[in-house]
Amino acid sequence: GKSYFLRYVASKLGFNVIEKKAGDLGSGYHGETERNIAEMFKEAEQKRAMLIIDEIDSLLSERQDSEDNTGYNTRVVNELLVRIESYKYPICCTTNHINNIDRAALRRFLFKIEFSYLTKEQSQLAYKHFFERPGNNEALNLIGGLVPSDFASVRKKAKVFGELDNDEKIIDLLKAEVKAKSR
């Protein structure tokens, strides 16, 4: 839901989007990650695009806590910080591990938005959106810890099982999604 939300914001603001996964930028070759980062910013600048970097924690981890003896982590964080500082257009990053992000990097981001679990009302709306009908309010309200991607996954599973019309099965699948995340 985080990346989807950011693409929505970009569309409302009239920006093109360049979206990258942080893991795709990393490389085991000396200097290659920094080159990939520079190329990403160059491409986004040329397209006057809002840049979305997904799972940024893998590139912006805390430098002070790093056990890296090669200086790789420091070089990557520094490269990103320099590029972020000089970029003219919006930059948005997603993470599920904000506490692992370098503190100097966190200060560069104007807004830090947390996406929490859906409320009961939001879960009802998500059910209606993904299954095109109101859900079982009582059973659905008993499930905590739901996020939009849970509904998307369950919709795919229910379709595979031929159970898109079976509310009881859908509720069971939603419960299983939440349980699987708590391991």
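Everything below is about the structure shown above.
Residues numbered from 1 in each chain as written. Predicted model: local features only at pLDDT ≥ 70, side-chain atom pairs only at ≥ 80, totals over all residues. Heavy atoms only, no water.

Caption draft 1: Representation of the overall build of the protein chain. Check the secondary structure of the protein chain and you find 9 helices and 3 strands. The order of helices and strands in the protein chain, counted from the N terminus, is α-β-α-α-β-α-β-α-α-α-α-α. C-alpha atoms of the protein chain, sized along the principal axes, occupy 55 × 40 × 30 Å. Here the protein chain, with 183 residues, has 36% of them falling under the buried criterion. When contacts within the protein chain are restricted to residue pairs at least 6 apart in sequence, long-range pairs at least 24 apart make up 67% of them. (Helix = DSSP H or I, 4+ residues; strand = E, 2+ residues; numbered from the N terminus. Buried < 20%, exposed > 50% of the residue type's maximum accessible area, 1.4 Å probe, protein only. Contact = heavy atoms within 4.5 Å.)

Caption draft 2: Quick peek at the state of the cysteines. Tallied over the entire structure, the rule returns 0 disulfides. The closest cysteine sulfur to the non-disulfide-bonded cysteine 92 is located on cysteine 93, 7.4 Å from its own sulfur. Residue cysteine 92 is classed as buried on the basis of its relative accessible area, which comes to 17%. (Disulfide = S-S within 2.5 Å.)

Caption draft 3: The packing of aromatic side chains, seen in detail. Within this structure, the stated rule accounts for 6 aromatic pairs. Between phenylalanine 41 and tyrosine 87 the ring centres are 5.5 Å apart and the planes differ by 75°, which places this aromatic pair in the edge-to-face class. Separated by 46 residues along the polypeptide, phenylalanine 41 in helix 3 (residues 32-46) and tyrosine 87 in the loop between helix 4 (72-86) and strand 3 (91-93) bring together distant segments of the chain. The exposure classification of phenylalanine 41 matches that of tyrosine 87, with both residues buried. For the ring pair tyrosine 127 and phenylalanine 131, a centre distance of 4.8 Å and an interplane angle of 45° mean the geometry is tilted. With tyrosine 127 and phenylalanine 131 both in helix 6 (residues 120-131) and 4 residues apart, this pair spans about one turn of that helix. One exposure class covers both tyrosine 127 and phenylalanine 131, and it is buried. Taken together, the aromatic side chains of Phe15, Phe41, Tyr87 and Tyr89 make up a single cluster linked through ring pairs. (Phe/Tyr/Trp six-rings, centres within 6.5 Å; stacked < 30°, edge-to-face > 60°.)

Caption draft 4: Just the side chain of glutamate 177, in detail. Residue placement: glutamate 177 occurs in helix 9 (residues 167-181). When neighbours within four sequence positions are excluded, glutamate 177 is seen to be in contact with Asp150, Ser153, Val154 and Lys157.

Caption draft 5: Just the pattern of salt bridges, in detail. On inspection of all chains with the given rule, the structure shows 12 salt bridges. Between glutamate 34 and arginine 75 there is a salt bridge; the shortest N-O distance is 2.9 Å. Remark: arginine 75 occurs in helix 4 and glutamate 34 occurs in helix 3; sequence separation between them is 41 residues. Between lysine 88 and glutamate 45 there is a salt bridge; the shortest N-O distance is 3.6 Å. Here lysine 88 is found in the loop between helix 4 and strand 3, whereas its partner glutamate 45 is found in helix 3, with 43 residues between them in sequence. Among the residues examined, lysine 88 registers a relative accessible area of 65% and is labelled exposed. (Salt bridge = Lys/Arg side-chain N within 4 Å of Asp/Glu carboxyl O.)

Caption draft 6: Here's a closer look at the nonpolar core. Among the nonpolar cores identified, the biggest contains 24 residues, and Phe41, Leu51, Leu60 and Leu80 are the most heavily contacted of them. When residues of this core are traced back to their parent elements, those giving at least two are helix 2 (22-25), helix 3, strand 2 (49-54), helix 4 and helix 5 (103-107). At 5 residues, helix 4 tops the list of elements feeding residues into this core. Leu118, Tyr127, Phe151 and Ile171 belong to the second-largest nonpolar core, a separate cluster that totals 16 residues. (Core = buried A, V, L, I, M, F, W, Y, C linked by side-chain atoms within 4.5 Å.)

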